[in-house]
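Inside the fold
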Amino acid sequence: MELILLQKINKLGTIGDVVTVKSGFARNYLLPSGKALRATKENIAIFEKDKEKLIAKNNEEKSNAEKIKEELSKLNTSIVRSASDTGILYGSVTTRDIAKTVNEEERLVDRKDIVLDKPIKELGVYDVKVNIHPEVEIFVKLKVVRNLNETTEKEELEVDLKESETNELNIDENLFEDGAIP
């Protein structure tokens, strides 16, 4: 089925592109959500007439998404979950849980905007991708811990590595013999 895109769709096209998609994708997602029109002569004429408005609306939404991106970049989120002694969660962290945590103060993202490459089933620090707008995305750092006072093992290892690096750099060179290389 041929459609005219009314907004940018990742991996499909940008505003005004005439694309061919499977009819189910068109009928069930693109057409009902208002992201595309059927590519008929009448609809092409309507699109050409309203093209400037659509582009202006897209630019406005993109600028709003940039503002949200700035707010999300300052965000440091933690989710508390019960886990076994080995660090495996009883259950998993879902996009709904992440959206609820991110939106505690104000509504910034929808759970449909959050993209998980694989399920979160262990304690640790994760980079979670958030698609705020088709042209704006950000990675939010998410900590999954047993309680808020507890640090994760990865953080402890990073602290230990930083301490060992600083200890190695503070070697007193007067202790070496003449001609010895540290």
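Structural data are supplied above this passage.
Here the structure is a predicted model, which means the values were calculated and not measured.

Observations concerning the sheet that holds strand S4 (residues 77-80)
- Read from one edge of the open sheet, four strands run S4-S9-S8-S6, paired in mixed fashion. Looking along the sheet, the strands with just one partner apiece sit at the ends: S4 and strand S6 (114-115).
- With nine bridges joining them, strand S8 (residues 124-133) and strand S9 (residues 136-145) adopt antiparallel strand pairing. The residue of S9 that forms the bridge with histidine 133 is valine 136.
- Its contacts with the sheet place helix H3 (residues 95-102) against S4, S6, S8 and S9, and it is angled at close to 125 degrees to S4.

Concerning the sheet that holds strand S3 (residues 36-38)
- On the basis of which strands lie adjacent, the open sheet formed by three strands has the order S2-S1-S3 and antiparallel pairing. Both outer strands of the open sheet, strand S2 (18-20) and S3, are each paired with one neighbouring strand and no more. The mean inter-strand angle of the sheet, taken between neighbouring strand axes irrespective of direction, is 40 degrees.
- Packed on one face of the sheet, helix H2 (residues 41-73) meets strand S1 (2-5) and S3 and runs near 10 degrees to S1.

Things to note about the environment of leucine 72
- Relative to the helices and strands, leucine 72 is located in helix H2.
- The class for leucine 72 is buried, based on a relative accessible area of 2%.
- As a C-alpha pair, leucine 72 and valine 140 span 68 residues in sequence and 7.0 Å in three-dimensional space.
- The contact partners of leucine 72, leaving out residues within four places of it in the chain, are Val102, Leu108, Val109, Val130, Ile132, Ile138 and Val140.

The rules behind the values
- Residues numbered from 1 in each chain as written.
- Predicted model: local features only at pLDDT ≥ 70, side-chain atom pairs only at ≥ 80, totals over all residues.
- Heavy atoms only, no water.
- Pairing = 2+ DSSP bridges.
- Helix = DSSP H or I, 4+ residues; strand = E, 2+ residues; numbered from the N terminus.
- Contact = heavy atoms within 4.5 Å.
- Axes fitted to C-alpha atoms, helices over the stretch in contact; angles between N-to-C directions.
- Buried < 20%, exposed > 50% of the residue type's maximum accessible area, 1.4 Å probe, protein only.

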